[in-house]
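Notes for the structure review
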Amino acid sequence: AIMREANTVLAQSTRVTGQWTSEYGKAFTPLNRAKFPTNREELQTAADNIIKTLDEHTKISNEAIAKYEEAIALMSNEQQRRGATLLVSALKKSLHVTDMIKSQMHLVSDQTIVDEKSFNEKFTQILQQINDVERETQAEFKEARRLLGM
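An account of the accompanying structure is given in this report. (Residues numbered from 1 in each chain as written. Predicted model: local features only at pLDDT ≥ 70, side-chain atom pairs only at ≥ 80, totals over all residues. Heavy atoms only, no water.)

With that settled, the discussion passes to the packing of helix α1 (residues 2-27) against helix α3 (residues 40-74). At a minimum axis distance of 8 Å, the contact between α1 and α3 shows a crossing angle of 165 degrees. By the angle between their directions, the pair α1 and α3 is classed as roughly antiparallel. The handedness of the crossing between α1 and α3 is left-handed. Split by residue class, the contact of α1 with α3 holds 18 nonpolar, 9 polar and 7 charged. (Axes fitted to C-alpha atoms, helices over the stretch in contact; angles between N-to-C directions. Helix = DSSP H or I, 4+ residues; strand = E, 2+ residues; numbered from the N terminus. Parallel < 35°, antiparallel > 145°, perpendicular 65-115°, else oblique. Left-handed = near helix turned anticlockwise from the far one by under 90°. Nonpolar A, V, L, I, M, F, W, Y, C, P; charged D, E, K, R; others polar.)

Shown next, in the form of structure tokens:
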């Protein structure tokens, strides 16, 4: 029952993810990044909205993690326990990704970044780190789903 509750909370997280990824995809295109810093205000508005949504995502994810951890403590089946533990690990990694995206959004307001080249270099450097962690996260999610029969 606790796992079902956690899954329901996690589904809310997925909805919120759709919100910020849509805005992120529209605002931070290579073309828009190439216009930096002339479009700093426009990007700042998008970044502020994205950060607000990411904060909501973090809150929901932490709630799901707590529910999963509560369920793990009650599990006797070792395979399910391993699967749920991997799921929690993947969720925690996704929170790390969320923090990296937030740091990416903070680049827009960094007044020391005054040209497109510097902005794009820092933006894409963080993006590469995000992609690396996201690959690990997806591998853990996949294995967790396999172990849990999802």
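A word on helix α4 (residues 78-106). The terminal C-alpha atoms of α4, which comprises 29 residues, lie 42 Å apart, in line with the 42 Å expected from a rise of 1.5 Å per residue. The residue sitting at the N-terminus of α4 and contributing the capping side-chain oxygen is Asn-77; that oxygen lies 2.9 Å from the backbone nitrogen of Gln-79. (Expected span 1.5 Å × (residues − 1). Polar contact = N/O pair within 3.5 Å; in protein donor to acceptor, adjacent residues only side chain to side chain.)

Glancing now at the packing of aromatic side chains. Tallied over the full model, the rule gives 6 aromatic pairs. Pairing Tyr-24 with Phe-123 gives two aromatic rings, centres 6.1 Å apart and planes at 20 degrees, and the pair type is stacked. In this pair, Tyr-24 sits in helix α1 while Phe-123 sits in helix α5 (residues 116-148), placing the two residues 99 residues apart along the sequence. Residue Tyr-24 is classed as buried on the basis of its relative accessible area, which comes to 15%. Ring geometry for Phe-28 versus Phe-123: centroids 5.5 Å apart, planes at 15 degrees, classification stacked. Of this pair, Phe-28 sits in the loop between α1 and α2 (30-34) while Phe-123 sits in helix α5, placing them 95 residues apart in sequence. Each member of the pair, Phe-28 as well as Phe-123, carries the same accessibility label: buried. Ring pairing ties together the aromatic residues Trp-20, Tyr-24, Phe-28, Phe-36, Phe-119 and Phe-123, which thus form one cluster. (Phe/Tyr/Trp six-rings, centres within 6.5 Å; stacked < 30°, edge-to-face > 60°. Buried < 20%, exposed > 50% of the residue type's maximum accessible area, 1.4 Å probe, protein only.)

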